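Chain and residue survey
Each chain is listed here by its residues.
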Amino acid sequence: MRIFPILTAALVCTILYFVILDRERLMAFLGAPSGPEAAETVATEPETAETDAEPEDGRVHVVVRRSTAQVTSDALLLRGRTEAAREVTVAAETSGRIVSEPIRAGASVTAGQTLCQIDSGTRRAALAEA
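Residues numbered from 1 in each chain as written. Predicted model: local features only at pLDDT ≥ 70, side-chain atom pairs only at ≥ 80, totals over all residues. Heavy atoms only, no water.

**Focus on the overall build of the protein chain**
When you go through the protein chain residue by residue, the secondary structure sums to four helices and two strands. A burial count over the protein chain gives 2% of its 130 residues as buried. A separation of at least 24 residues holds for 13% of the contacts in the protein chain among residues at least 6 apart in sequence. Accessible surface for the protein chain amounts to roughly 12,800 Å². Of this, 56% is attributable to carbon and sulfur atoms. (Helix = DSSP H or I, 4+ residues; strand = E, 2+ residues; numbered from the N terminus. Buried < 20%, exposed > 50% of the residue type's maximum accessible area, 1.4 Å probe, protein only. Contact = heavy atoms within 4.5 Å. Areas by Shrake-Rupley, 256 points an atom, 1.4 Å probe, with all protein chains shown as cover.)

**Topic: helix α2 (residues 23–30)**
Think of an α-helix as 3.6 residues a turn; residues three or four steps apart then line up on the same face. Across the eight residues of α2, zero count as buried, placing the element largely on the outside. Immediately beyond the C-terminal end of α2, within one or two residues, lies Gly31, with a positive phi of roughly 90°.

**A word on the confidence of the model for the protein chain**
Chain-level pLDDT for the protein chain is 77 on average; 81% of the residues reach the 70-or-more range. When the elements of the protein chain are averaged for pLDDT, strand β1 (residues 42–44) gives the smallest value, 47, and helix α1 (residues 3–20) the largest, 90. Predicted confidence is poor over residues 42–50, with pLDDT under 50, and the contacts of this stretch with residues over four places away or in other chains come to 15 contacts. (pLDDT = per-residue confidence, 0-100.)

**Observations regarding a nonpolar patch on the surface**
A cluster of nonpolar side chains, contributed by Leu11, Val12, Ile15, Leu16, Tyr17, Val19, Ile20 and Leu21, occupies part of the molecular surface with about 780 Å² of accessible area. Following the sequence through the fold, Leu21 ends up in the loop between α1 and α2. (Patch = residues over 30% accessible without salt bridge, like charges linked within 9 Å, V, L, I, M, F, W, Y side chains within 5 Å. Salt bridge = Lys/Arg side-chain N within 4 Å of Asp/Glu carboxyl O.)

**Considerations on the environment of Gly106**
Relative to the helices and strands, Gly106 resides in the loop between β2 (60–62) and α4 (120–129). Overall, Gly106 belongs to the exposed group, its relative accessible area being 81%. Taking the C-alpha atoms as reference points, Gly106 and Glu87, separated by 19 residues in sequence, lie 9.4 Å from one another.

**With respect to the pattern of salt bridges**
Counted according to the given criterion, the structure contains two salt bridges. A salt bridge links Glu83 to Arg81, with the shortest nitrogen-to-oxygen separation between them at 2.6 Å. Here Glu83 and Arg81 have matching classes, each one exposed.

Below, the structure written as structure tokens:
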């Protein structure tokens, strides 16, 4: 059993506990003001006021921006390529003239469905000749 991963996990859990649940004690340990004292040291500026100069008394500038509602479209445009899960090559055992409208390439078919009809006259003639 390695001790380093266990110590690292314990350290991370301790830090997360203080950051999330016990922030005042962490801020007191670090020497930073927390609670009501921290609220007094933060200065607010008017809307969209941005300055690079820091005040001399240690206050922090806060930038306030007003949010506005916007209409967004519900469509999501994705580009890509699709492929069939299975591809089958279909070939006839005999040759002849097709008398029915064949199914278009790429169309879905079910088992037992007629794909096209071959003229039976040419098959009879080929059988008689054989």
